[in-house]
Amino acid sequence: MNRATRAAGAAFVGTTIEWYDFYVYATAAALLFDDLFFPNASSPTVALMASFATYAVGFFARPLGGIVFGHFGDRVGRKSALVVTLLMMGGATFAVGLLPTYASIGTLAPVLLVLLRFVQGLAVGGEWGGAALMAVEHAPADKKTFYGGFAQLGNPAGALLATGAFSLMTLFGDDALHSWGWRAPFIVSAVLVLVGLFIRLRVEESPVFEETDKTGVPIKEVFRTSWRSVLLGIGTLPVAIGGYYILTTFLLSYATGPSVGETEQLILNGLSFAAFVELVATLGIAWMGDRFGGRKVAIWFLIGTAVLAVPQFAVLGTHNTFLIFLMLGVMRLATSGTYGPMAAILSEMFPPQVRYTGISLAYQGAGAIFGGLSPLAATALVGAYGGAAWPAVALLVAMCALSVLCLLVAPRHRDRVPAAPITTE
């Protein structure tokens, strides 16, 4: 197996495990944590918003994780940083599965939940940038978007595993799900982490990193020379990150709420199907990025996402399994096109000596702003307008417009050091 293929495979496996851990929490926050950790809230909406607030903590921790692990990734190496993030994420997720609920230890339960979510956020804050760079920097010049797609592939794979795990737990009934079933997807992550660690330790360091002069303090250099790239990078990602969570975490709670009334199992199965669509489509979209230009492809699919926003929410409440599955699948295909090329798009916005820090700040900054707040904002807006879906639709369309604008003006950087030749070892 050549170095580029091995790096891409390790990026896929590692990010799959990291995103599985992250989405297991997101699914539990949408379905269960309001009752398990906030049973004394003044209303169901307040309890759900409190649950989403703990979920948002992970996003606010992600920029800090990007700074910390970006520093070590730019100074010590991409590989070392990725090993630590994997262990941190796995340990925190496993601990959530063992956490006593509010009924057992009172207010200490949500406090511990927030702390563990913070650790998750730190870990994923350092994970994505390193995995994306390991894939992109090992790739040949004309296939960087395709190889970068393997890091993006971990997102739908992790989401598919997470929603699939909870779909499986729903077969035991609501009582079992609320009492013990919700813990199983968290605890199982320990096994996945061991597998990912074995694979990740076998990957060589990035050839671009090895041949690049190291800067003293990467974060200072980023703010001195590339702060515009950080801001524009954040602006390219509201749909790829925030829109995704509107169409998964928020949609799950909205569709299964009393005003819409779809069953949890139907929506979880639909989201599992949508994750499968993204899993199948991501590499094809990444290939299109190399063929037609990653930015151009992303803009095409952003327009598609905006057009599909209304029918996506219109089918909820019809109780028509076919229509719901169809729209979830088609919409996920559209949002996949906004996410799949992003590893290569963001990588080319920064020079290699500060690239880990730069893309981590952009990606995780967008995660804190758009990923962490989008479900909360959509819940508040929809609640303020009597349960109507149009505020969530308007929010998603506005995100698409911002993404297109920033993609049109974002800078590009070409590496002077070529990737390692693609030879079989």
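Residues numbered from 1 in each chain as written. Predicted model: local features only at pLDDT ≥ 70, side-chain atom pairs only at ≥ 80, totals over all residues. Heavy atoms only, no water.

Asks: How should the packing of helix α14 (residues 238-255) against helix α20 (residues 390-409) be read in this particular structure?
Replies: Angle between the axes and distance between the axes: these two values describe a pair of packed helices. For the pair α14 and α20, interaxial distance at closest approach is 9 Å and the crossing angle is 160 degrees. Viewed along their axes, α14 and α20 adopt a mutual orientation that is roughly antiparallel. In this structure, the crossing between α14 and α20 has a hand that is left-handed. Residues Pro238, Val239, Gly242, Gly243, Ile246, Leu247 and Phe250 of α14 form the contact with α20, whose own contacting residues are Ala392, Leu395, Leu396, Met399, Cys400, Leu402 and Ser403. Of the residues in the contact of α14 with α20, the class split is 11 nonpolar, 3 polar and no charged. (Axes fitted to C-alpha atoms, helices over the stretch in contact; angles between N-to-C directions. Helix = DSSP H or I, 4+ residues; strand = E, 2+ residues; numbered from the N terminus. Parallel < 35°, antiparallel > 145°, perpendicular 65-115°, else oblique. Left-handed = near helix turned anticlockwise from the far one by under 90°. Contact = heavy atoms within 4.5 Å. Nonpolar A, V, L, I, M, F, W, Y, C, P; charged D, E, K, R; others polar.)

Asks: Please clarify how unusual backbone geometry should be interpreted in this entry.
Replies: Glycine aside, residues mostly have negative phi angles, and peptide bonds mostly take the trans form. Here the phi dihedral of histidine 319 falls at roughly 60 degrees; this positive angle occurs in a residue that is not glycine. Structurally, histidine 319 is set in the loop between α16 (294-314) and α17 (321-339).

Asks: Any chance you could explain the nonpolar core here in plain terms?
Replies: Generally speaking, soluble globular proteins have nonpolar side chains that are buried together. With 114 residues, the main nonpolar core has Phe33, Phe37, Phe166, Trp182, Phe186 and Phe313 as its most contacted residues. When residues in this core are grouped by element, the largest group, 14 residues, is from helix α1 (residues 3-31). When near neighbours in sequence (up to four residues on either side) are disregarded, phenylalanine 37 contacts Leu99, Pro100, Thr101, Tyr102, Ala109, Pro110, Leu113 and Trp182. The next biggest cluster of nonpolar side chains, apart from the first, holds 6 residues, and it includes Ala139, Tyr147, Phe150 and Leu153. (Core = buried A, V, L, I, M, F, W, Y, C linked by side-chain atoms within 4.5 Å. Buried < 20%, exposed > 50% of the residue type's maximum accessible area, 1.4 Å probe, protein only.)

Asks: Explanation requested: the pattern of salt bridges in the structure shown.
Replies: Between side chains of opposite charge, a pair can form when the charged atoms approach closely. Throughout the structure, instances matching the rule amount to 9 salt bridges. Residue aspartate 74 pairs with arginine 78 through a salt bridge whose shortest N-O separation is 2.9 Å. The pair formed by aspartate 74 and arginine 78 is uniform in burial state, with each residue classed as buried. In this structure, arginine 200 engages glutamate 127 in a salt bridge whose closest nitrogen and oxygen atoms are separated by 2.8 Å. A residue pair is termed long-range when its members are at least 10 positions apart, and arginine 200 in helix α10 (residues 189-200) and glutamate 127 in helix α6 (residues 108-138) qualify at 73 residues. Judged by relative accessible area, arginine 200 falls into the buried class, the value being 3%. (Salt bridge = Lys/Arg side-chain N within 4 Å of Asp/Glu carboxyl O.)

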